[in-house]
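Take a look at the letters that make up each chain.
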Amino acid sequence: MEPVTPRQSEILDRARRAGRVDVDGLAADFDVTPQTIRKDLNELCERGMLQRVHGGAVLPSGIANYAYDARRQLAAEEKRRIGLRAASLIPDNASIMLNIGTTTEQVARALRQHDGIMAITNNINVANILRAAPAVEVIIAGGQVRASDGGIVGEAAADFIRQFKVDYALIGASAIDPDGTIFDYDFREVRVAREIITHARQTILVADNMKFERSAPVRIAHMSQIDIFVTDKAPPEPVMEICREHGVRVEIAGDGDPDAGGAEPEDGRGGHRK
């Protein structure tokens, strides 16, 4: 499946904020014909990202989050760069945990050339990405498998995570509020994500800038609980101020990022604060 275009990504952002988009308004704003906008909307509806209504489109009825395969196409290049930058912060011979998410999948792809990695995950997709890597040991949590995305969620998965204490947690999120609160959609996944944060010496949050424009109902954590935040653009100033106040290192993954390496994070703070 081809990634969505920048215009389609902006249309999705507007639909997420307003609940509905109109053909005529979009055509005027983007300075294109209504026929071009209708084509965009039809393609987005075919992917399950929007639902057509007379004169425009709305978010799919009864769906709080985009379909997982569709989310892979949103900000795909940004997520790839974030994955490379985050993986470059993980040294060889480290133990890590990765939760569910399209961005953590990109981190996993970038980690396949690392040596001596122990990777613990509740994400079937991450496990499949890493299992063929020659120098990565993969441990997968047990529990209920969520059909929509292959995530392993619930109390059994949380209990499994409690057995470990790892060097790094790599956490994705669905939304970040200006007050620094980090959110997801499924309370069962959030329980596992909280355990992953608690049982890691350092936590790396990986999230693209679209997460600042979205909302989700279930609180994972607060930015003050994060050690390193890897994103594709500078966060909004209120979030940057929180990061400065709490000593959170912000890494911007730019166009010129090299492939993932093995540099040790040098945050000078002596590990994780939980």
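Draft legend 1. Representation of the sheet that holds strand 15 (residues 249-252) in the model. As summarised here, the arrangement of the seven strands in space is 6-5-4-9-12-14-15, forming an open sheet in which the pairing is parallel. Two strands close off the open sheet at either side, each with one partner strand: strand 6 (136-140) and strand 15. The average undirected angle you get between the axes of adjacent strands in this sheet is 20°. Across five bridges, the pairing between strand 5 (residues 117-121) and strand 6 is parallel. Opposite Ile120, over in strand 6, you have Ile139 as the bridge partner. Sitting on the sheet, helix 5 (residues 76-88) is in contact with strand 9 (166-172), strand 12 (200-206), strand 14 (228-231) and strand 15, with an inclination near 150° to strand 14. Strands in contact with helix 6 (residues 102-110) are strand 4 (95-98), strand 9 and strand 12; relative to strand 9, the strand with the most contacts, it is inclined by about 135°.

Draft legend 2. Region of the structure containing the sheet that holds strand 3 (residues 56-58). Strand order in the open sheet formed by three strands is 1-3-2, and the pairing between neighbours is antiparallel. A strand with exactly one partner marks an edge of an open sheet, and here the two such strands are strand 1 (20-22) and strand 2 (51-53). Neighbour to neighbour, the strand axes of the sheet diverge by 25° on average, direction disregarded. Pairing analysis gives three bridges linking strand 2 to strand 3, with the strands arranged antiparallel. Paired with Gln51 across the strands is Val58, a residue of strand 3. Packed on one face of the sheet, helix 2 (residues 23-30) meets strand 1, strand 2 and strand 3 and runs near 70° to strand 1.

Draft legend 3. Geometry of the nonpolar core. Counting 34 residues, the largest nonpolar core has Ile120, Leu205, Ile220, Met223 and Phe229 as the members making the most contacts within it. Elements with a minimum of two residues in this core: helix 8 (155-161), strand 9, helix 9 (187-198), strand 12, strand 13 (218-222) and helix 10 (237-246). Per-element accounting of this core gives the leading share, five residues, to helix 9. Counting residues in each nonpolar core, the second largest holds 27 residues, with Val107, Ala110, Val206 and Val230 among its members.

Draft legend 4. A look at the pattern of salt bridges. If you walk through the whole model with that rule in mind, you get 19 salt bridges. Between Glu77 and Arg80 there is a salt bridge, and its shortest N-O distance comes to 2.8 Å. Taken as a pair, Glu77 and Arg80 lie in helix 5 at a separation of three residues, close to a single helical turn. What makes Glu77 partly exposed here is its relative accessible area of 38%. Between Asp159 and Arg162 there is a salt bridge whose closest N-O contact spans 2.0 Å. Note on Asp159: relative accessible area 40%, which makes it partly exposed. The class for Arg162 is partly exposed, based on a relative accessible area of 34%.

What counts, and at which threshold
- Residues numbered from 1 in each chain as written.
- Predicted model: local features only at pLDDT ≥ 70, side-chain atom pairs only at ≥ 80, totals over all residues.
- Heavy atoms only, no water.
- Pairing = 2+ DSSP bridges.
- Helix = DSSP H or I, 4+ residues; strand = E, 2+ residues; numbered from the N terminus.
- Axes fitted to C-alpha atoms, helices over the stretch in contact; angles between N-to-C directions.
- Contact = heavy atoms within 4.5 Å.
- Core = buried A, V, L, I, M, F, W, Y, C linked by side-chain atoms within 4.5 Å.
- Buried < 20%, exposed > 50% of the residue type's maximum accessible area, 1.4 Å probe, protein only.
- Salt bridge = Lys/Arg side-chain N within 4 Å of Asp/Glu carboxyl O.

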